[in-house]
Amino acid sequence: MEYINKEKLLKINLNKNNICYIIDFDRTLTKENCEDSWDAVANKKIFGEELSKELNNLYKKYGPIEVNYKIPFEEKEKYMIEWYQKCMETYYRFNLTKVKVENSIKTSSIELRPGVIEFLNFNKEENIPIIILSAGIGNTIEEILKQNSCYFENIHIISNFIKFDNEGYILKYEGDLIHSLNKNIDKINQKEIIDIVESKEYRIVIGDLIEDIKMAGDYPDDKLIKIGFLNQNVNENLEKYKERFDIVLTKESQDFNEVSKIVKL
């Protein structure tokens, strides 16, 4: 663990009835160095090299921008919208099918962080709500949780879901994409989830980007615990993460059991 705001945590009285989690997926619930939920849709053995190559080229262009905190927010947001739209357009252009996408996800190399399964099982037993708010692909998130036998009724996924027509071919994506800079529980138009979140006194937000803090919405800081996994550019970004997060976990301490130790119920 690189940093913990002990003074703030001592003032907060958590119990299983007064909290909910709002958690990112890629590189938060999953390991930092594995495929992400977008790549999992484009397995080379199923779709060939070209689709994977195009997505990788987009990542090489836009990925460094995502973790560069010297770029003004408005400028970075334009790049993120552009990146996510191009990824979805690439899927559509390659005419993905439901069967192939499902097989691709099932054979992906995505791995959950150590301690995640135990964390999800504990919260299921205590009936603590978990909102997974992801700029990734919802189809992937569902499948990975099912593969690990930890997709429970207390887990709600808000993400970009790929839809298919009656013949199983991908539909062109309509509506606004959830990207890494616009994730915000206050902007989610799902009453059931909003009611769950608003019924809890404390929100625990967990992500790997500073922007993930916004997932919690406009909420009092003394009722909010912010946990950040610092995966990239550690020396450059550590001070920025310590300013914004209450707990910062770097590569040496990125076992999800650390989260369970912090949130002692």
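This is a predicted model, so every value here is computed, not measured. (Residues numbered from 1 in each chain as written. Predicted model: local features only at pLDDT ≥ 70, side-chain atom pairs only at ≥ 80, totals over all residues. Heavy atoms only, no water.)

**Concerning empty space enclosed by the protein**
Part 1 of the argument: One pass over the full model with this rule turns up two cavities of 30 Å³ or more.
Part 2 of the argument: Counted as a void, the largest cavity has a volume near 360 Å³.
Part 3 of the argument: As for the largest cavity, its lining consists of 23 residues, of which Arg27, Asp36, Glu66, Trp83 and Tyr84 are closest to the centre.
Part 4 of the argument: Counting only elements with at least two residues in the lining of the largest cavity, the list comes to helix H3 (49–66), helix H4 (73–93) and strand E3 (130–137).
Part 5 of the argument: No other element matches the four residues that H3 contributes to the lining of the largest cavity.
Part 6 of the argument: Its residues assigned to classes, the lining of the largest cavity comprises nine nonpolar, five polar and nine charged.
Part 7 of the argument: Approximately 50 Å³ is the volume found for the second largest cavity. (1 Å grid on protein atoms, 1.4 Å probe; cavity = no way out; pocket = protein on both sides within 12 Å on 5 of 7 lines; lining within 4 Å. Points joined across faces, edges and corners; volume = space filled by probe spheres on them. Helix = DSSP H or I, 4+ residues; strand = E, 2+ residues; numbered from the N terminus. Nonpolar A, V, L, I, M, F, W, Y, C, P; charged D, E, K, R; others polar.)

**Here we look at the confidence of the model for the chain**
Part 1 of the argument: This prediction gives the chain a mean pLDDT of 93; 98% of its residues lie at or above 70.
Part 2 of the argument: Looking over the chain, one finds the lowest element-wise mean pLDDT in helix H10 (residues 257–262), namely 85, and the highest in strand E2 (residues 19–23), namely 98. (pLDDT = per-residue confidence, 0-100.)

**A look at the packing of aromatic side chains**
Part 1 of the argument: What the rule picks out here adds up to 11 aromatic pairs.
Part 2 of the argument: Both rings, one in phenylalanine 229 and one in phenylalanine 256, keep their centres 5.6 Å apart while their planes meet at 20 degrees; by these two values the pair is stacked. Placement of phenylalanine 229 in strand E6 (residues 224–229) and of phenylalanine 256 in the loop between strand E7 (247–249) and H10 is noted, with a sequence separation of 27 residues between them.
Part 3 of the argument: Cation over ring: lysine 76 sits above tyrosine 69, and NZ or CZ is 4.2 Å from the ring centre.
Part 4 of the argument: Positioned above the aromatic ring of phenylalanine 229 is the side chain of arginine 113, whose terminal nitrogen or guanidinium carbon lies 4.2 Å from the ring centre. (Phe/Tyr/Trp six-rings, centres within 6.5 Å; stacked < 30°, edge-to-face > 60°. Lys NZ or Arg CZ within 6 Å of the ring centre and 35° of its normal.)

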